[in-house]
Amino acid sequence: MQEIEWSFFREILNCIAKPNKSSLINIQNKLIRYSKNAAMPENKIMASLIPAMRMMIRGRVKVSPENIIKIAQEYEQIDRRKALVVLAIYHHLSWLFLMTSHTKLKSDEKIVSLKKSIQHLNEELKIAEELNHKQLQNSIKGRLGKIYRSLGIILRKENRLTEALEALEKSLTIHKCTHDVLGIARDYAIMGVILKNMGRLDEALESCRKALEYHEKLKDRLGIAKDYANMGIIYRHKGDFNKAFQSHMKAIKIREELGDKLGMARDYASISMVLARMGKLNEALEKSYEAIKIREELGDKLGMARDYETLGIILRNMGRLGEALESYEKAFKIYEEHEDGSGIARSYAGIGVLLKNMGKLDKALESHMKALKLHRELGDKLGMARD
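Residues numbered from 1 in each chain as written. Predicted model: local features only at pLDDT ≥ 70, side-chain atom pairs only at ≥ 80, totals over all residues. Heavy atoms only, no water.

Q: Requested: an account of the environment of Glu-297, with residues and values cited.
A: Relative to the assigned elements, Glu-297 resides in helix α14 (residues 281–298). Since its relative accessible area comes to 54%, Glu-297 is described here as exposed. For the pair formed by Glu-297 and Leu-31, sequence separation is 266 residues and the distance between their alpha carbons is 55 Å. (Helix = DSSP H or I, 4+ residues; strand = E, 2+ residues; numbered from the N terminus. Buried < 20%, exposed > 50% of the residue type's maximum accessible area, 1.4 Å probe, protein only.)

Q: Mind laying out the pattern of salt bridges, listing which residues take part and the relevant values?
A: Oppositely charged side chains may form a pair once their charged atoms are brought near each other. In total, this model carries 22 salt bridges according to the counting rule given. Between Glu-76 and Arg-80 there is a salt bridge, with its nearest N and O atoms 3.6 Å apart. Take Glu-76: its relative accessible area is 39%, and that puts it in the partly exposed class. One salt bridge connects Asp-267 with Arg-255, and the closest N-O pair in it is separated by 2.9 Å. Of this pair, Asp-267 sits in helix α13 (residues 261–277) while Arg-255 sits in helix α12 (residues 241–258); the two residues are 12 residues apart in sequence, bridging distant segments of the chain. The burial state of Asp-267 is the same as that of Arg-255; both residues are buried. Via salt bridges that share partners, Glu-3, Glu-42 and Lys-82 belong to a single interconnected network. (Salt bridge = Lys/Arg side-chain N within 4 Å of Asp/Glu carboxyl O.)

Q: Account for the side chain of Thr-100, naming residues and giving values.
A: Inspection of the secondary structure puts Thr-100 in helix α5 (residues 80–102). The class for Thr-100 is buried, based on a relative accessible area of 13%. At 3.2 Å, the side chain of Thr-100 forms a polar contact with the backbone nitrogen of Val-61. (Polar contact = N/O pair within 3.5 Å; in protein donor to acceptor, adjacent residues only side chain to side chain.)

Shown next as structure tokens:
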């Protein structure tokens, strides 16, 4: 009966750091062999790890791997280093388990799941540092950066902006540490959007400029287009409509060259808002129709609804109140079909404004009250204040 060499456990760590199917199958075959030939109690421990390796080969874990903790505890009495490797397997599979179930969860559940993933990865990182395994350390940091970014994106959608910014800052720190230029660019881009939503427009603009700088280094033209589009939106919020228009035109030029139809629709919608603020209502109307046309071609219903809202605002500013009301009603119908509470609330508010302008005060009040009720249910304080 043989004792299992430490080199085998280094192999396991290498596979966790950079998984590939053939290496994992090789590890599994060795586990089967050691379960028969190794001395007691290592042979039993090896047998217990075979199902764990099968899960790693599949890359999907459907059951929480809590039983592996007991295996690590058994090994602790024999060899602490080997026990740490088993614990690394546990934390890695726990991360995989959480990622496997992640897509089926609601937003609040996703936030909890991502935070648990971060805990497991931090524990795995401590093990990699104690065992001085640099490749595994870098691999874990890469996963941590992506998870912090995902967490930030979900928190932003939930309007938990301070928490979202903190998550993105952690992601950025990790990506700078690992010299992940694309990760840095994406973090700065999302931070720009979050800062814009927080009303910190100068910081938002600076963040978008940094994103643009890194995307230019990578020659990532789609990333560059998105950065120009985000800068255009920030300039519009700052009231600098000329710079906003120039930024959006740069974005749409790249989108057209890339054939990015969805991006073009978004840019046309943004340009229409800028032109409307500049008082160029006929041009704004034209761009708004362009956006809706592309959305319709792509079957992007929710995008169409947002563009119908924009169209409604432009038509209202032109004094074409009946057409504006029709536009808002189209948006409302789509939002209702998709059970989009936020969109429904905005539509009620927009319809309320139009009805007031049309002198239909009772109906206007009724529409605003519906908007207020929905915004209160959604916890949208800004929407409530507007209502």
